[in-house]
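Here is how the chains run, residue by residue.
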Amino acid sequence: MKKIGKFLASRLFKSVLVLLMIALFNFFLVRAAPGDPAEILAGQSGAVDAEFIAKLRTEFGLDRPMIVQLGQYLKNVATFDLGYSYRQQAPVTSLIAEHLPATLLLTITAFIFAVAAGVSLGTQAALRVGKWGDTVITTFSMLAYATPLFWVGLMLVLLFSVKLEWLPAFGYQTVGAQFTGLAHVMDVARHLLLPALTLGMFYMAVYARLTRASILEVSQLDFVKTARAKGLSERTVITRHVLRNALLPVITYAGIQAGGLIGGSLLVETVFAWPGIGRLAFDALLQRDYSVLLGVFFIASLIVVIVNLVTDILYTVVDPRIELK
Amino acid sequence: MKDFLHAFCRHKGGVAGVIVIIAVAGLALAANWIFPHDPWEIVNAPFMPPMTDDTLLGTDTLGRDIGAGIAYGARLTLLLAAVSTAVSILFGVSVGAISGFYGGRVDQAVVGFIELFQTIPSFFLAVVLVAILTPSMTTVIFAIAVVSWPPLARLVRAEFMSLKNREFVQAAMLAGQSNARIILTQILPNSLSPVIVSGSLMVASAILLESALSFLGLGDPNAMTWGYIIGASRSVLRDAWWMSVFPGVAILLTVLSLNLIGEALNDALNPKLARKRTT
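Thresholds, definitions, all that
Residues numbered from 1 in each chain as written. Chains lettered and ligands numbered in written order. Predicted model: local features only at pLDDT ≥ 70, side-chain atom pairs only at ≥ 80, totals over all residues. Heavy atoms only, no water. Helix = DSSP H or I, 4+ residues; strand = E, 2+ residues; numbered from the N terminus. Buried < 20%, exposed > 50% of the residue type's maximum accessible area, 1.4 Å probe, protein only. Contact = heavy atoms within 4.5 Å. Salt bridge = Lys/Arg side-chain N within 4 Å of Asp/Glu carboxyl O. Phe/Tyr/Trp six-rings, centres within 6.5 Å; stacked < 30°, edge-to-face > 60°. Lys NZ or Arg CZ within 6 Å of the ring centre and 35° of its normal. Axes fitted to C-alpha atoms, helices over the stretch in contact; angles between N-to-C directions. Left-handed = near helix turned anticlockwise from the far one by under 90°. Nonpolar A, V, L, I, M, F, W, Y, C, P; charged D, E, K, R; others polar. Buried area = accessible area lost by both parts, 1.4 Å probe. Polar contact = N/O pair within 3.5 Å; in protein donor to acceptor, adjacent residues only side chain to side chain. UniProt positions renumbered as here; feature names shortened; annotations may be inferred. pLDDT = per-residue confidence, 0-100. Parallel < 35°, antiparallel > 145°, perpendicular 65-115°, else oblique. Expected span 1.5 Å × (residues − 1).

Novice: Tell me about the overall build of chain A, and name the residues and values.
Specialist: What chain A contains, in helices and strands, is 13 helices and 2 strands. Considering only C-alpha atoms, chain A reaches an extent of 80 × 60 × 40 Å along its principal axes. For chain A, with 325 residues in total, the buried portion stands at 48%. Relative to all contacts within chain A whose residues are 6 or more apart in sequence, the contacts with residues 24 or more apart total 71%.

Here it is, written out as structure tokens:
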């Protein structure tokens, strides 16, 4: 029990350190960029308003020494005060809070799709290794692995929205339609399908390759030979003995993948006008509203850090052989 | 060398990849001859579909030739990917080598740094870097290099850690060779094969990263890369499918070929691993 406490404490400390580094990075990046930090943070549109710039200067202590500025900045970040968007006339934190649920819905759906489809495709490929089915699955995942995410999205829109007119091309729900209850859920699901497929496709390919390789590796181990020697059917051997052990690297990968999914959501939300934090970041990019952009970067990193912490803990629960360090 | 070529050629995908990459590089080099006009130049009516009026791949919203855009885009895309990979290899190998060779505090700090980079959303980091430092060729190369060096450094570090205890390195130490000389002439040549394999995969992911940045409008505003053309096509997706389809196919083919080459190199340079994989 004491060991677990120590393990948690060290992981927690590491996570806080990562967040501190990101806050420092944001702070120094703005100051390394060409131009006045206050004007950079205010963005192009804000620069017109001298009063707002002056307010930013006092708020961030930009007229005081660097070390004081840094202290003020870290204090703000620690209390989740990520600045104010002049363009949108709202605090950055509340803008992010407003857009976060859509991103979570998108990324979690994409993640479930990627794991479910990837693991089953990888398993099927491993069962048919060297045969026709394996070749098809392996080729498909090679292709999905080499395709730019945003382009997959555009091609799906061309096929399913423009050509076949089956699914909506953009947005979160039908504009103007006052759906309630189940009709609303169905409406959002229809809008969610293409973006989630786009975001999940690349990771599905990764999981398929990972699962296939991992199953083939575990199949060579002695305990699997024993299971086969006992006369168990191939399917029982795979599902009961191999898969359980082969899925461990898949779990580790899930933590690493969180950052990729959040980064990918920036592209996917841009393609599909999905109202999440990725889209918020893209709009901020166009309007040069950098306090929003940096705020989204910080919160995205925070989410990734939390996911990593949770997978680390899960990993030790799933595999008791892992030493707690 | 003969053995290596023989092993490489056994991997059919790798051979196909080399052929495609030669073709793309040829297109990039011959862009001036095939399309004597500038890719930004208006050559025809806007929104010409492919195969009409001697525009093989159609024209864009202003009447610029998509074919020319792809040929000149090949030049810029490959150049950006190659330079950013070179920068990232130089940095990643140096950091990994120093960290693996010397160990201790330096190593701890480097490992912490690598872990940090592997935790944060790297694409977001690249976007933030380019946006705030203002988009240009230099900032794009810098951003791609910043997010792609850590896995390589980790790899090189591991190689150095295992090689530095081998007899030939210890012999060199006893012979009184300087650390720099041991790193450069004894260990580095022996740890190059994983670097070569990751090199080809890194060029592939640099192309994907560059195209994603350009797609978001974060490329150099004067550079017509493949991602830029796709980004410009987004608003006219319904009217001009060819604007987004062809550059995307170019990216897909190039990245796929580089990945296949990487696999073939891996099989050829690590024969033990290759045998394990096929059984």
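Anyway, onward from the coordinates.
Novice: Could you give me a rundown of the pattern of salt bridges, with the residues and numbers involved?
Specialist: One pass over the full model with this rule turns up 5 salt bridges over all chains. Note that Lys 14 of chain A and Glu 115 of chain B form a salt bridge whose closest N and O atoms lie 3.3 Å from each other. Of the two residues, Lys 14 of chain A sits in helix 1 (residues 2–32) while Glu 115 of chain B sits in helix 5 (residues 104–119), which places them in two different chains. A salt bridge links Glu 263 of chain B to Arg 209 of chain A; the nearest nitrogen and oxygen atoms lie 3.3 Å apart. Separated into two different chains, Glu 263 of chain B in helix 12 (residues 241–269) and Arg 209 of chain A in helix 8 (residues 181–218) make up a pair that spans both. By relative accessible area, Arg 209 of chain A is classed as partly exposed at 30%.

Novice: Any details on the packing of aromatic side chains? Residues and values, ideally.
Specialist: Counting across every chain of the model gives 14 aromatic pairs over all chains. Each member of the aromatic cluster is reached from another via a ring pair, and the members are Phe 91, Phe 113, Phe 117 and Trp 149 of chain B. Sitting above the plane of the Tyr 145 of chain A ring, Arg 209 of chain A keeps its charged end 5.0 Å from the centroid.

Novice: Tell me about the packing of helix 5 (residues 92–127) of chain A against helix 8 of chain A, and please be specific about residues and values.
Specialist: All names here are of chain A. Closest axis-to-axis distance for the helix 5/helix 8 pair is 5 Å, and the angle between their directions is 40 degrees. For the crossing formed where helix 5 meets helix 8, the hand is right-handed. Classifying every residue of the contact of helix 5 with helix 8 gives 25 nonpolar, 7 polar and 1 charged.

Novice: Got a sec to walk through the interface of chain A and chain B? Specific residues and values, please.
Specialist: Counting residues at the interface gives 46 residues for chain A and 39 residues for chain B. Both sides of the chain A and chain B interface together cover about 3900 Å² of buried area, and 82% of this is carbon and sulfur. In terms of surface lost to chain B, no three residues of chain A exceed Phe 150, Trp 151 and Phe 297 of chain A, which account for 14% of the buried area on that side. Inspection of the region where chain A meets chain B yields 2 salt bridges. At the boundary of chain A and chain B, one finds 5 residue pairs in polar contact (both at pLDDT 80 or more). Looking at the side of chain A that touches chain B, the elements that each hand over two or more residues are helix 1, helix 6 (132–146), helix 7 (149–163), helix 8, helix 11 (248–272), helix 12 (277–286) and helix 13 (290–318) of chain A. Ranked by residue count, the leading element in the side of chain A that touches chain B is helix 13 of chain A, at 10 residues. Of the residues assigned to the side of chain A that touches chain B, the class counts are 36 nonpolar, 7 polar and 3 charged.

Novice: Quick one: what's the story with the UniProt feature "transmembrane region" (unreviewed entry) in chain B, residue by residue and with numbers?
Specialist: Residue and element names in this part refer to chain B. Here the UniProt feature "transmembrane region" (unreviewed entry) sits at residues 12–35, 78–102, 109–133, 139–156, 195–219 and 240–261. In the segment residues 109–133, helix accounts for 88% and strand for 0%; the C-alpha atoms at its two ends are 27 Å apart. Counted over residues 195–219, helix gives 84% and strand 0%. Its end C-alpha atoms are 28 Å apart.

Novice: Lay out the confidence of the model for chain A with the relevant residues and their values.
Specialist: Per-residue confidence for chain A gives a mean pLDDT of 82; residues scoring 70 or more make up 91%. Mean pLDDT values for the elements of chain A range from 64 in helix 2 (residues 37–46) of chain A up to 90 in helix 5 of chain A.

Novice: Describe the environment of Leu 167 of chain A, and please don't skip the residues or the numbers.
Specialist: All names here are of chain A. Secondary-structure assignment places Leu 167 in the loop between helix 7 and helix 8. By relative accessible area, which is 14% here, Leu 167 ends up buried. Discounting residues that sit within four places of it in the chain, Leu 167 has contacts with Phe 160, Ser 161, Arg 190, Leu 193 and Leu 194.

Novice: Please set out the side chain of Ser 244 of chain B residue by residue, giving values where relevant.
Specialist: Locating Ser 244 of chain B in the fold gives a position in helix 12. Given a relative accessible area of 0%, Ser 244 of chain B falls into the buried group. Those residues within four positions of Ser 244 of chain B in sequence are excluded, and the remaining contacts are Trp 151, Leu 154, Met 155 and Leu 158 of chain A together with Ile 230, Ser 233 and Leu 237 of chain B.

Novice: Would you mind going over the packing of helix 4 (residues 66–102) of chain B against helix 9 (residues 179–190) of chain B in detail, with residue names and values included?
Specialist: Residue and element names in this part refer to chain B. Between helix 4 and helix 9, whose axes approach to 12 Å, the crossing angle comes to 110 degrees. As far as their axial angle goes, helix 9 and helix 4 are roughly perpendicular. For the pair formed by helix 4 and helix 9, the contact residues are Val 93, Ala 97, Phe 101 and Tyr 102 on the first element and Asn 179, Ile 182, Ile 183, Ile 187 and Leu 188 on the second. Its residues assigned to classes, the contact of helix 4 with helix 9 comprises 8 nonpolar, 1 polar and no charged.

Novice: Please set out the confidence of the model for chain B residue by residue, giving values where relevant.
Specialist: Residues and elements named next belong to chain B. Here chain B shows a mean pLDDT of 84. Residues at 70 or above account for 95%. Long-range and interchain partners of residues 274–279, a stretch whose pLDDT sits below 50, account for 5 contacts in this model, where long-range means more than four residues apart. Interface predicted TM-score (ipTM) for the complex: 0.85; the corresponding pTM is 0.87.

Novice: Quick rundown of helix 7 of chain A? Include the residues and the values.
Specialist: Between the first and last C-alpha of helix 7 of chain A there are 20 Å, a value that for 15 residues agrees with the 21 Å anticipated at 1.5 Å per step. Counting buried positions along helix 7 of chain A yields 12 of 15 residues, so the element is predominantly enclosed. All of the buried residues along helix 7 of chain A are Leu 149, Phe 150, Trp 151, Val 152, Gly 153, Leu 154, Met 155, Leu 156, Val 157, Leu 158, Phe 160 and Ser 161 of chain A. Against the buried residues of helix 7 of chain A lie helix 8 and helix 11 of chain A together with helix 10 (192–215), helix 11 (226–233) and helix 12 of chain B. Glu 165 of chain A, located one to two residues past helix 7 of chain A, shows a positive phi value of around 55 degrees.

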